[in-house]
Amino acid sequence: MVILGIIVIYPVLITFITAFKDANVQAFVLDFGGKWTLANFKTLFTSTLYGSWYLNTMVISISCMVIQVIVVTLAGYVYSRYRFAGKKFSLTFFIVIQMVPTMAALTAYYVLANMLNALDHYWFLTAIYIGGGIPQNTWLMKGYFDNVPYDLDESAKLDGAGNFKIFWSIVLPLVKPMIAVQALWAFMSPVQDYLMAKFLLTSESHYTVAVGLQTFINNAQNQQVVLFSAGAILVAFPIAALFFYLQRFFVSGLLAGGSKG
Amino acid sequence: MQKKDVKKAQRLSIIPGLGQFYNGQTIKGIMMLVILAVFIAEFALVGVSAFANLVSLGSVSMEDNSLFMIIYGTLQILVTIVFIVFYIANLYDAKHVAELINNGKKVSHTFKELGSNLLGGGFAYLLTTPAYLLMIFTIVFPVVVTLLMAFTNYDFAHIPPAMLLDWVGFKNFTQMFFLSSYRATFSAVFGWTVIWTVCATTLQIIIGIATAVIANQKFIKFKRIFGVIFLLPWAIPAFVSIMSFSNIFNDSAGAINVQVIGLWNTLVPFAHIAPIHWMTDTFWTKVAIIMIQGWLGFPYIYVMITGILQAIPDDLYEAATLDGATVMQKFRKITLPTIFAIAAPIFVTQYTFNFNNFSMIYLFNQGGPGDVGANAGGTDILISWIYKLTTGTSPQYSLAAAVTLIISVLVIGISLIVFKKTHAFEMED
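Residues numbered from 1 in each chain as written. Chains lettered and ligands numbered in written order. Predicted model: local features only at pLDDT ≥ 70, side-chain atom pairs only at ≥ 80, totals over all residues. Heavy atoms only, no water.

## Some thoughts on the UniProt feature "transmembrane region" (unreviewed entry) in chain B
All names here are of chain B. UniProt's feature table lists "transmembrane region" (unreviewed entry) at residues 30-55, 67-89, 131-152, 189-213, 225-245, 287-313, 334-353 and 397-419, given in the numbering used throughout. The straight-line gap between the two end C-alpha atoms of residues 30-55 is 35 Å; of that span, 100% is helix and 0% is strand. Here residues 225-245 runs as 90% helix and 0% strand, with 24 Å between its end C-alpha atoms. (UniProt positions renumbered as here; feature names shortened; annotations may be inferred. Helix = DSSP H or I, 4+ residues; strand = E, 2+ residues; numbered from the N terminus.)

As structure tokens, then:
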């Protein structure tokens, strides 16, 4: 346990410390010595495009989060609560479509973006992220809604509540934890992605953080490990914090969705 | 109320709307007639030429853009499918409503009734529509286009609109299996993809299960701290970790060669290890990325298994202890079967995820080092090879599409088999 703990912490610590190192450090090792400085963070925002990468990522991530959470919550609710023609068929459709690697239809996306004049534009990328997340997250959401006892709906109906009212003021508050998790995941998926962003965003000022950070280290002659580390911390920290805050909801969500596919 | 002839209602619906008129649902009938008219007009004005263009892919270069023709053709196929679904629903509706009338049930006639019906039973369709629209636009449509591209000759020598594309049938596939240069690359990449998927995923599952089981033993102290530490790799965005690791494994300046191996050599001087070429030797790069994936992937499994373990009743273990079972026996007979019964579908998604884990491969070392031909590097898996085929200096779009098709069929096929076997498919409704 202790050894595994060390193995897990070691690389994280290296990145963290390197971020505060003097700019001419090239070696990527754990070393508490040397001069500590905040200059790297300043450099990031003054002499690189990091600021706009960060902003781009936020814009894409937040729009993805808002839209996806709305769509997935509604769909998950419907699949959990209603019986309707074609339900089983469409649930199966969801599972199968989830197995198709979204990222694999690269050429088609490229041509489509060209045709719609959407290359280097965020809306197209955002739509792809949202669409790609829908099948699996609808499943998870449905699983979680299934855990909310149906009796609640029934008694509300007896009290004269309409469909919308039942959904909004009775069931929705009970699934808040799962909605929070969905929001985090929807927010994280654009941050995480490298492939699509690199492929569909062509100008450097339009990059997302993942694509931008890579430019700091993909050139073997001119690796800027300190800048990379500083940038990495700035992305990773808020996400990790949010993650730990929400993590107690993960298990129930995972199991609810997982046991049924 | 007057009895309706169910057969007649359905027969009238051969033209959508007429059956509904017969049932007395005038407004619905008008709406359906309008949809029919719109579709016929659309088909006559655009559809016919879209299909014709899809078949011919154009005849005049510079003027006809074969790619756009594929896209419009695909769009027309989807529109037609949606119409066919509507048409079938219309037949069903006419029959169903006629039966309802015969059974003395109320059916909606006015706008208001239709509206409230939509908020009731139709509520379900209304709320799922956005999900479907988004999925069709961002997944189904591109996949169908890719599927079609796999049968064309779209590559760097044929880029519309300067050149026309042609249908080449299964040429891209036969090339991959019979043309020696492509076959060698394909089998090398495919072989490594399978090895990578199996090793990396199994490793992360084993570490995840082991950690969860050990961390849940009663004698372990500081559970919370370990819990937080173990979640770190999951909480940090993967691309950050992978890029950090590519620095850490750097041959000359990375921590592994400089510090870890250095420390080992100081502590155990008689078993001296020379610095390892993590980034320049294909074998060691493969070892490194499998280990890193174990690091990245185990927390997810760990969290899930922890949840499952807490659901196993203690009595089971106590009873086993009374019967004189050893720790190993309890683990093999109680713990493992429970885990697999619940988590099998998630394990499968982990395998399929790694099968297409582009970030891990590409961000660590761009699929390098080495070269196995046709743009592919020594550690490229199918998905990163596709990326290189598409973005390289001499792109092979149609070949990339063909590889995509093969991947999708494989992944879907295997997952379906496993899901069927583990009964994950069974739904309560």
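Next comes the rest of the description.
## Section: the UniProt feature "transmembrane region" (unreviewed entry) in chain A
Residue and element names in this part refer to chain A. Feature annotation in UniProt places "transmembrane region" (unreviewed entry) on residues 53-79, 91-110, 166-188 and 225-246, given in this structure's numbering. Regarding residues 166-188, the helix share stands at 96% and the strand share at 0%, and the terminal C-alpha atoms are separated by 30 Å. As a span, residues 225-246 carries 100% helix and 0% strand, and end to end its C-alpha atoms are 31 Å apart.

## Some remarks on the nonpolar core
Counting residues in each nonpolar core, the largest one holds 200 residues, and the members touching the most others are A:Leu213, B:Phe239, B:Phe249 and B:Phe364. Counting residues per element, this core draws most heavily on helix H12 (residues 282-311) of chain B, at 15 residues. Those residues in contact with B:Phe249 that lie beyond four places of it in its chain are B:Ile256, B:Trp278, B:Met279, B:Ala288, B:Met291, B:Ile292 and B:Phe364. One finds B:Met32, B:Leu36, B:Phe83 and B:Phe86 within the second-largest nonpolar core, a separate group that totals five residues. (Core = buried A, V, L, I, M, F, W, Y, C linked by side-chain atoms within 4.5 Å. Buried < 20%, exposed > 50% of the residue type's maximum accessible area, 1.4 Å probe, protein only. Contact = heavy atoms within 4.5 Å.)

## Notes on the interface of chain A and chain B
As a measure of interface size, the accessible area lost when the parts come together is often cited. Facing the 100 residues of chain A at the interface are 95 residues of chain B. Each partner contributes to the roughly 8,200 Å² buried at the junction of chain A and chain B, and carbon and sulfur atoms together form 79% of this total. Together, A:Met1, A:Met99 and A:Met115 form the three largest contributors to the area buried by chain A at its contact with chain B, with a combined 9%. Counting the contacts that link chain A with chain B gives zero salt bridges. At the boundary of chain A with chain B, the tally comes to seven residue pairs in polar contact (both at pLDDT 80 or more). Per-element tally for the side of chain A that touches chain B: the top contributor is helix H4 (residues 87-99) of chain A, with twelve residues. Across the side of chain A that touches chain B, the residue classes tally to 74 nonpolar, 19 polar and seven charged. (Buried area = accessible area lost by both parts, 1.4 Å probe. Salt bridge = Lys/Arg side-chain N within 4 Å of Asp/Glu carboxyl O. Polar contact = N/O pair within 3.5 Å; in protein donor to acceptor, adjacent residues only side chain to side chain. Nonpolar A, V, L, I, M, F, W, Y, C, P; charged D, E, K, R; others polar.)

## Considerations on the pattern of salt bridges
All names here are of chain B. Counted by the stated rule, this structure contains four salt bridges over all chains. Residue Lys28 is joined to Asp93 by a salt bridge in which the shortest nitrogen-to-oxygen separation is 2.9 Å. Separated by 65 residues along the polypeptide, Lys28 in helix H3 (residues 26-56) and Asp93 in helix H4 (residues 66-102) bring together distant segments of the chain. Residue Lys28 shares its accessibility class with Asp93, and that shared class is buried.

## Brief notes about the confidence of the model for chain B
Residue and element names in this part refer to chain B. Looking at chain B, the pLDDT average stands at 83 and 93% of residues meet or exceed 70. Per-element averaging of pLDDT across chain B places helix H5 (residues 111-120) at the bottom with 58 and helix H8 (residues 180-215) at the top with 90. For this predicted complex, the interface score ipTM comes out at 0.85, alongside a pTM of 0.82. (pLDDT = per-residue confidence, 0-100.)

## Thoughts on the packing of aromatic side chains
Both the distance between ring centres and the angle between the ring planes are used here to describe each pair of aromatic rings. This structure, assessed with the given rule, holds 46 aromatic pairs over all chains. Seen from their ring centres, A:Phe20 and A:Phe41 are 5.4 Å apart, and the 50° between their planes marks the pair as tilted. Residue A:Phe20 is located in the loop between helix H1 (2-18) and helix H2 (39-47), and its partner A:Phe41 is located in helix H2; the two are separated by 21 residues in the primary sequence. In terms of burial, A:Phe20 and A:Phe41 fall into one category: buried. Ring geometry for B:Phe83 versus B:Tyr87: centroids 6.2 Å apart, planes at 35°, classification tilted. With B:Phe83 and B:Tyr87 both in helix H4 and four residues apart, the pair spans about one turn of that helix. (Phe/Tyr/Trp six-rings, centres within 6.5 Å; stacked < 30°, edge-to-face > 60°.)

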